Amino acid sequence: MGRLLNRMIRYILAKLDKNDLEQELIEGALGGQLVSEAIVPLARRAAAEGIVLLKNNNVLPIQSTDNAAVFGRTAINYFAVGYGSGGNVQKPYVINIVDGLIENGVSVNRELLDAYTQWTSKSKNVPDEGFWGHWPMNFPEMPLNEQLVRKAAAQSDLALVIIGRAAGEDRENKLKQGSYYLTDAERRMLNLVTAEFRRVAVVMDCGNVIDMGWTADYGDKLGAIVYAWQGGMEGGNALADVLTGSVNPCGKLSDTIAVSYEALPSAANFGKKEFNNYAEDIYVGYRYFETFASDEVLYPFGFGLSYTSFEIQASGTVSGTKVEVSVIVQNTGKLAGKEVAQVYVSLPQGVLGKPEKVLAAFGKTEELQPGETQELNLSFDLCDFASYDDSGITGHKSAYLLEKGQYRIYVGSDVRAAREILSHTLDETLVTRQRSEVMAVKPEAVFQRLVNRGGKAVYEDVPIATTDLKNIILQNLPQKTSFTGDTGLKLLDVKNGTCTMEQFVAQLRPDELDDLCHGEGKMSSKLGTPGNAGALGGVTKSLREKGIPPAITADGPAGIRLKRTCSLLPCGTALACTFDTELVAQVYAAVAEEMKHYGVHMLLAPGLNIHRDPLCGRNFEYFSEDPLLSGKMAAAVVGGLQKAGLSACPKHFACNNQETNRNKNDSRVSERALREIYLKGFEIMVKESAPHAVMTSYNKINGVWSHYNYELATMVLRGEWGFEGLAITDWWMQKALSPEFPSLENDACRVRAQVDVLMPGGDGPFGDTKVGRKLLDTYGKPEGITLGEMQRTAANVLRHVLLSAAMGKTEA
Ligand code: BGC
């Protein structure tokens, strides 16, 4: 009892400690200078190019002679990003929507603005930013009366109605007014404004997709719909750029917008506390809608309008399994603009059943002048879209295959508009890669999954696990190098080639090996700039004496989260909607300069979990419902950071698709859906950009926590994909025994799985204690952790440190 009480007290104290950090970060926001102004135009461009124009009946762009009446308090109390580790950046400033409009020359209805300014500054209306896990999802609207709106309509040419939503880590969006649904006050605002104004544009300042079904109620009275996402510190400027047409809208939806929440394939199996059956299987987002429910879509995946028009013509060839597509994009309208060409592939149904279309490649044009054309050459290998047979129904269990039949290639400006340009027949089924079964559903957890049988949605039992993992692990135990004791070698000697990694590691005592597989202990490590997320590598004096420097980590996807002023970037979804990997790489190359300035070596970004359901509280950090787009965007972020000499740590590997009970929840998902959807983005990113590190997720996958998951971290990540970097936990981990080796606990299972470092270090709920370290408990015992395994993890950590900018310090 006493121990329990003690633990509870420690837990609460630790929690307060983290909240103190959050509080300081929030309080310290909006001040200080940026390290380099060079990032500003990039952040602005990325925010602008991610904005998606969903509808426009000649309402936009705002003309220079127009006066705009701006409704909605979010125009002032702008949500620049969501909350939590992926949002709480100490930003230098935020350009809100009204300031953005005014500073960019839009004449704004001042009387209306005054009314909003006065109302929002009253103490009872000042936005309450809440605290960790209890942040606002919206700010209550200013009540409007007919008179005010009528007067504004008499004074102004058009109305902009801003709807704002925020989400955050550690909790979900809610299927309630003020979160997924509009509030009564927002509906009233829309009713009044559409009744009085002829030209009305609604602007969605939201990090994730919310209900848009209400738009139908207004028909043509709602002339324009803009999904602006959350644009970071430059958000207001970026929105003004798009609304005035100085940037012609060119963002495309990275998620389908469905007619209703209930229409979503995940709706029946999302947000449950203990486990969620991914019954929709591979039919996530547009893969579901285009195959089974095309009527239930409001705006299709990839959709986005422009103020000009484009014609897309394409032709292609297939040779073997390689597809080359030439796309000619012509600007057929009157304004300059950019277009995104999207290539989709439709695979033959075969015996496995397939989605109607799958995104296979995309490319964005330069800005095209009216009449101008550009050719985009897009290519891909059909093998990269091979289906995975997890049941053996094709006769090729655990293999990726291209089933015989017709392959159709489509090109267009969204998944719906894409037209068939060629078809190619494979006479024989081709096994493209033979793999072994991993992470299959446990027999006791079997459920029914969605399968396409000739266009019909059918539910069948998901295949269950058949492997003997214990045996696989034992057969693949690494060789040890005999312990030599300190021979005076330094890590720099490995870098300089005067000794091997094995020789260096052979000097390390078991307790030093143990230290290497833990972060230093706490967030805001004293070894780095205040507000960092923790340190790893040279975390003790004896390790530092061997020339191992500490590598400093910091969040996160929307900018560096420190107790220092750093740029606040557009949210991940906004970046994905740019469909511009080069631009995204440039943004993160600029972030790398800020990291260098503050001595941060590893950015805990990007987040690339799949948007399985719009209620996921962290969707704003992530990119898309599609694994190719997610993987390419993530590779761009990693590439941008790493070319500049810093390290990226993409996360959360894998299936962190909800925040409810995120540390304990079990994502139950077929091996096919894992491989074709949830691991696929990570696979693309790892193969294209070789990240220096990867962070595992909090949740379980088919009963096994990711931080103990040998199949995930050793067999798939390293074995199949050739990852040579460092795997770290998400912050803290759950205590558990290994199912295969019941004597192995906590750290020992983790190291056996090759999830190398527990972050931020201790095993207490907030990493502030070393109690319960279990690595060495079974060392030297039957089936216990081996020296070879500890050395293997140490080498993973040290190889990372050698690549890390932290190493520069040692050389100096
Ligand atoms: C989040 C991670 C984050 C880490 C460090 C965790 O709560 O899930 O995404 O990088 O904290 O702040």
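Residues numbered from 1 in each chain as written. Predicted model: local features only at pLDDT ≥ 70, side-chain atom pairs only at ≥ 80, totals over all residues. Heavy atoms only, no water.

### Comments concerning the packing of helix α2 (residues 39-50) against helix α16 (residues 581-598)
- The geometry of α2 relative to α16 is characterised by a closest axis approach of 10 Å and an angle of 145° between their N-to-C directions. Handedness of the crossing formed by α2 with α16: left-handed. Contacts between α2 and α16 involve Ile39, Leu42, Arg45, Ala46 and Glu49 from the former and Leu583, Gln586, Val587, Ala590, Val591 and Glu594 from the latter.
- For the contact of α2 with α16, the residue count by class is seven nonpolar, one polar and three charged. (Axes fitted to C-alpha atoms, helices over the stretch in contact; angles between N-to-C directions. Helix = DSSP H or I, 4+ residues; strand = E, 2+ residues; numbered from the N terminus. Left-handed = near helix turned anticlockwise from the far one by under 90°. Contact = heavy atoms within 4.5 Å. Nonpolar A, V, L, I, M, F, W, Y, C, P; charged D, E, K, R; others polar.)

### With respect to the nonpolar core
- Core analysis: the largest hydrophobic core is formed by 213 residues, its most contacted members being Leu60, Phe71 and Tyr227.
- In this structure, Met501, Leu508, Ala533 and Leu536 belong to the second largest nonpolar core, which totals 43 residues. (Core = buried A, V, L, I, M, F, W, Y, C linked by side-chain atoms within 4.5 Å. Buried < 20%, exposed > 50% of the residue type's maximum accessible area, 1.4 Å probe, protein only.)

### Quick notes on the site of the ligand
- Of all residues adjacent to the ligand, which total 14 residues, the nearest are Glu169, Asp555, Arg618, His652 and Asp730.
- A distance of 2.4 Å is found between an oxygen atom of the ligand and a side-chain nitrogen or oxygen belonging to Asp555.
- Within the side chain of Tyr698, a nitrogen or oxygen atom sits 2.9 Å from an oxygen atom of the ligand.
- Classifying every residue of the shell around the ligand gives five nonpolar, two polar and seven charged. (Near = heavy atom within 4 Å. Polar contact = N/O pair within 3.5 Å; in protein donor to acceptor, adjacent residues only side chain to side chain.)

### Observations concerning the pairing of strand β2 (residues 67-71)
- For β2, the tally of buried residues reaches five of five residues, placing the bulk of the element in the interior.
- In β2, alternate side chains face the same way, and those of Asn67, Ala69 and Phe71 on one face and Ala68 and Val70 on the other are all buried.
- Where β2 meets strand β3 (residues 107-108), two bridges bridge the pair, whose relative direction is parallel. Its bridge partner lying in β3, Ala68 is registered against Val108. (Pairing = 2+ DSSP bridges.)

### Some details on the environment of Thr432
- Structurally, Thr432 can be placed in strand β19 (residues 430-434).
- Considering only alpha carbons, one finds Thr432 and Ala386, 46 residues apart in sequence, at a separation of 7.2 Å.
- Excluding residues that lie within four positions of it along the chain, Thr432 makes contacts with Cys383, Ala386, Tyr400, Leu401 and Leu402.

### Focus on the packing of aromatic side chains
- Tallied over the full model, the rule gives 22 aromatic pairs.
- Between the aromatic rings of Tyr278 and Tyr678, the centroid separation amounts to 5.1 Å while the plane-to-plane angle is 70°, which identifies the pairing as edge-to-face. With Tyr278 in the loop between β8 (275-277) and α9 (286-292) and Tyr678 in helix α18 (residues 671-678), this residue pair connects regions lying 400 residues apart in the sequence.
- Overall, the relative accessible area of 2% leaves Tyr678 in the buried class. (Phe/Tyr/Trp six-rings, centres within 6.5 Å; stacked < 30°, edge-to-face > 60°.)

### Re the sheet that holds β19
- Read from one edge to the other, the open sheet built from three strands follows the order β15-β16-β19, with strand pairing classed as antiparallel. Each edge of the open sheet carries a strand with a single partner, namely β15 (387-389) and β19. Adjacent strand axes in the sheet meet at a mean angle of 35°, parallel and antiparallel pairs treated alike.
- Relative to β19, strand β16 (residues 399-402) is paired through four bridges, and the arrangement is antiparallel. For Leu402, the partnering residue across the bridge sits in β19 and is Leu430.
- Packed on one face of the sheet, α18 meets β15 and β16 and runs near 160° to β15.

### A few points about the domain arrangement of the protein chain
- We note that the domain assignment places domain 1 (40-263), domain 2 (286-297 + 308-461) and domain 3 (481-656 + 664-811) within the protein chain.
- Every contact between the two is made by 48 residues of domain 1 and, on the other side, 44 residues of domain 3.
- Carbon and sulfur atoms supply 62% of the area that domain 1 and domain 3 bury against each other, a total of about 3,400 Å² over both sides.
- Taken together, the links from domain 1 to domain 3 amount to 18 residue pairs in polar contact (both at pLDDT 80 or more).
- Ranked by residue count, the leading element in the side of domain 1 that touches domain 3 is α2, at seven residues.
- Tallied by class, the residues present in the side of domain 1 that touches domain 3 amount to 21 nonpolar, 18 polar and nine charged. (Domains from an automatic or database assignment. Buried area = accessible area lost by both parts, 1.4 Å probe.)

### A few points about helix α19 (residues 680-689)
- Within α19, eight of the ten residues are buried, which leaves the element mostly enclosed by the surrounding structure.
- Residues of α19 that are buried include every one of Lys680, Gly681, Phe682, Glu683, Ile684, Met685, Val686 and Ser689, and no others.
- Of the surrounding secondary structure, the elements contacted by the buried residues of α19 are β16, β19, α17 (627-643), α18 and α20 (710-720).
- Just past α19, the residue Ala690 takes up positive phi, approximately 40°.

### Focus: unusual backbone geometry
- A cis amide bond links Ala605 with the next residue in sequence, Pro606, at an omega value of 0°.
- Counting through the fold element by element, Pro606 comes out in the loop between β24 (602-604) and α17.
- Residue Pro760 is reached from Met759 by a cis peptide bond, and omega for that bond is -5°.
- Positionally, Pro760 belongs in the loop between α21 (746-753) and α22 (787-803).

### A closer look at the pattern of salt bridges
- Following the criterion strictly, the structure yields 50 salt bridges and no others.
- The salt bridge involving Lys546 is made with Asp486; its shortest N-O contact spans 3.9 Å. Of this pair, Lys546 sits in the loop between α14 (541-545) and β23 (550-555) while Asp486 is found in the loop between α10 (469-475) and α11 (491-495), placing the two residues 60 residues apart along the sequence.
- Counted as one network, the salt bridges with shared partners bring together Glu169, Asp170, Arg618, Glu621, Glu659 and Arg662. (Salt bridge = Lys/Arg side-chain N within 4 Å of Asp/Glu carboxyl O.)

### A look at the environment of Asn248
- With respect to the helices, strands and loops of the structure, Asn248 is situated in the loop between α8 (235-244) and β7 (257-258).
- Residues Asn248 and Tyr307 lie 59 residues apart in sequence; the distance between their C-alpha atoms is 6.2 Å.
- Every residue in contact with Asn248, bar those within four places of it in the chain, is listed here: Ser306, Tyr307, Thr308, Leu335, Ala336 and Gly337.
- Within the structure, the side chain of Asn248 is placed 2.8 Å from the backbone oxygen of Ala336, a separation counted as a polar contact.

### Examining α17
- The end-to-end C-alpha separation of α17 is 23 Å, in line with the 24 Å expected for 17 residues at 1.5 Å each.
- Burial of α17 is extensive: 15 of the 17 residues sit out of reach of the surface.
- For α17, the N-terminal capping position is held by Asp626, with its side-chain oxygen 2.9 Å away from the main-chain nitrogen of Leu628.
- Once α17 finishes, Gly645 follows within two positions and takes phi at roughly 95°, a positive value. (Expected span 1.5 Å × (residues − 1).)

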